[in-house]
Amino acid sequence: MQAIVWNNGVVSFLDQTLLPHEERTCDTADYRVVAEAISSLRIRGAPAIGIAAAYGAALSILSPHVSDVAGALKELEESAGILAATRPTAVNLFHALDRIRRAAAGAAGGSLNALRERVVAEALSIHQEDIASCLSIARRGAALLPAECAVLTHCNAGALATGGMGTALGVIVEGYRQGKVRKVFADETRPLLQGARLTAWELRRAGIPVALLTDSSAGSLLASGAVQAVIVGADRIARNGDVANKVGTYPLAVLARRHSVPFYVAAPLSTIDRTARSGSEIPIEERNPLEVLELAGKRIAPEGVDVYAPAFDVTPNELVTAIVTEEGVYRPPFSELGTPVAGGE
Ligand code: MRU
């Protein structure tokens, strides 16, 4: 299953807001549709957001309205601005758009066709590199897991959230293939239920046993000793190893530490923001209050209540056992996140 596909100037993506009830693929050649899909979480998950934005920017310069190089560069600036404004936390979005801008600038001296080809090639590379990163992360992460383990994950960091097999969920799937993981626990992940709707869907499709829990059940689950590792993805990792991920990740890390369960973060290097010294410099997206006030489109709270609705939280580095990347594993102290130490295979 591929969440996003580039097909000769058309982007096809699975509308994740409809899962698990309906598997609908949307096709578009309009970058504004891609931008809306990212804002509305039809396309979501940090690496997938980056890939979609790259394809979106490429679509903008393939438009028949663009007739010369100057027009293409202007169109690219406009589309990149609109795509960049969709979601603020996943740094993969900004890294991907920077790569597209640099590719375009490098080809600005040639023909319009050459510029278009260069930008499309860069977007395809971003996607291909993510597929390879996911594979490497899965193998390195699986190597860290103990035999016969049960794991707990939060949100969705699977194939739906990436270009490849996923990050945290990729580790779990690979661990299952190797016979190390025997059971997966998935937090439902309020308010948008990515765990219930997406992670459980992916795991069932892969034939992997999964038990769903409400986010507030994680404490008693970890206290029971039934889980040997917690594995999550990331939206942005600061230079000191602080990790921004789906809201609810930080309390899980606290619980994991309290119960001496290792807490692993799996993410490609494109999720590291080397300009952020610590988690306090990571912008945290605030979501629409209705996402908390409603469940399945039905109001669940009285009128007049206020809402606290961050989409992400920051887990301080001291609660992280290891960060698994495609090039190796970072372990504490995470200071400056230099070269990861070879780990896994
Ligand atoms: O709001 P979302 O669904 O885009 O949040 C996704 C997450 O928090 C994921 O854990 C993260 O992006 C990593 S995906 C490999």
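Note on numbering: residues in each chain are counted from 1, in written sequence order. With the structure being a predicted model, the display of local features is reserved for residues of pLDDT at least 70 and the display and counting of side-chain atom pairs for 80 or more, all residues being used for whole-chain, interface and lining totals. Neither water nor hydrogens contribute to the side-chain values; these are computed over all heavy atoms in the structure.

## Let's talk about the site of the ligand
In the vicinity of the ligand there are 18 residues, among which Arg 44, Arg 87, Asp 235, Asn 245 and Lys 246 approach most closely. Taking Arg 44, its side chain carries an N or O atom lying 2.5 Å from an oxygen atom of the ligand. Any pair of nitrogen or oxygen atoms within 3.5 Å is treated as a polar contact; in protein, a donor-acceptor pairing is required on top of that, and neighbouring residues in sequence qualify only through side-chain atoms on both sides. Between the ligand and Lys 246 there is a distance of 2.7 Å, counted from an oxygen atom to a side-chain nitrogen or oxygen. Calculation of accessible area relied on Shrake-Rupley with a 1.4 Å probe; when residues are assessed, cover is drawn exclusively from the protein chains displayed. In the complex, the protein chains occlude 100% of the 420 Å² of accessible area that the ligand would expose alone. Every element with two or more residues in the shell around the ligand is listed here: helix 2 (46-62) and strand 9 (243-246). Across the shell around the ligand, the residue classes tally to eight nonpolar, six polar and four charged. Summary of the distance rule: residues count as near a molecule or strand when at least one heavy atom falls within 4 Å of that molecule or strand. Secondary structure is summarised from DSSP: a helix means a run of H or I of at least four residues, a strand means a run of E of at least two, and numbering begins at the N terminus for each. Side-chain classes follow a simple rule in which Ala, Val, Leu, Ile, Met, Phe, Trp, Tyr, Cys and Pro form the nonpolar group, Asp, Glu, Lys and Arg form the charged group, and the remainder, Gly included, forms the polar group.

## So, the environment of Trp 201
Following the sequence through the fold, Trp 201 ends up in helix 7 (residues 194-205). In this structure the C-alpha to C-alpha distance between Trp 201 and Ser 278, which are 77 residues apart in sequence, comes to 34 Å. It only takes one pair of heavy atoms within 4.5 Å for two residues to be counted as in contact. Among residues more than four places away in sequence, those in contact with Trp 201 are Met 1, Leu 14, Leu 19, Pro 20, Glu 23, Leu 160 and Ala 196.

## Let's talk about the packing of aromatic side chains
Aromatic ring pairs are defined here through the distance separating the ring centres and the angle between the ring planes. Only the six-membered ring of Trp is used, alongside the rings of Phe and Tyr, when aromatic pairs are assigned; centres must lie within 6.5 Å, and planes under 30 degrees apart are stacked while those over 60 apart are edge-to-face, with the rest tilted. One pass over the structure, following the stated rule, counts one aromatic pair. With centroids separated by 5.1 Å and ring planes inclined at 25°, the aromatic side chains of Trp 6 and Tyr 55 adopt a geometry described as stacked. Linking Trp 6 in strand 1 (residues 4-6) with Tyr 55 in helix 2, this pair joins segments that are 49 residues apart in sequence. Of the two residues, Trp 6 and Tyr 55, neither departs from the other in class, the shared state being buried. Here the guanidinium or amino end of Lys 246 rests over the ring plane of Phe 312, the centre of that ring lying 4.4 Å away. With a 1.4 Å probe rolled over the protein chains alone, any residue whose accessible area is under 20% of its type maximum counts as buried; one over 50% counts as exposed, and the rest are partly exposed. Should the NZ of a Lys or the CZ of an Arg lie within 6 Å of a ring centre and within 35 degrees of the ring normal, that charge is described as sitting over the ring.

## Re the sheet that holds strand 11 (residues 272-273)
One open sheet holds the four strands; their spatial order is 11-8-9-14, and the pairing between them is mixed. The strands lining the two open edges of the sheet, one partner per strand, are strand 11 and strand 14 (312-315). In this description, strands pair whenever DSSP reports at least two bridges between them. In the sheet, strand 8 (residues 236-238) pairs with strand 9 via two bridges, with the strands oriented antiparallel. Note that in strand 9 the partner of Ile 237 across the bridge is Val 243.

## Brief notes about helix 4 (residues 91-106)
With 16 residues, helix 4 extends 23 Å between its outermost C-alpha atoms, agreeing within 8% with the 22 Å of an ideal straight helix rising 1.5 Å per residue. Of the surrounding secondary structure, the elements contacted by the buried residues of helix 4 are helix 2, helix 3 (69-84), helix 5 (112-144), strand 8 and strand 11. Here the expected length of a helix is defined as 1.5 Å per residue gap, with one fewer gap than residues.

## Some points on the pattern of salt bridges
Salt bridge, as applied in this entry: a Lys or Arg side-chain nitrogen positioned within 4 Å of an Asp or Glu carboxyl oxygen. Under the defined criterion, the tally for this structure stands at 17 salt bridges. Here Arg 277 ties to Glu 281 by a salt bridge, and the two come within 2.9 Å at their closest N and O atoms. Looking at Arg 277, the relative accessible area reads 55%, which means it is exposed. For Glu 281, a relative accessible area of 32% puts it in the partly exposed group.

Geometry only, nothing functional implied.
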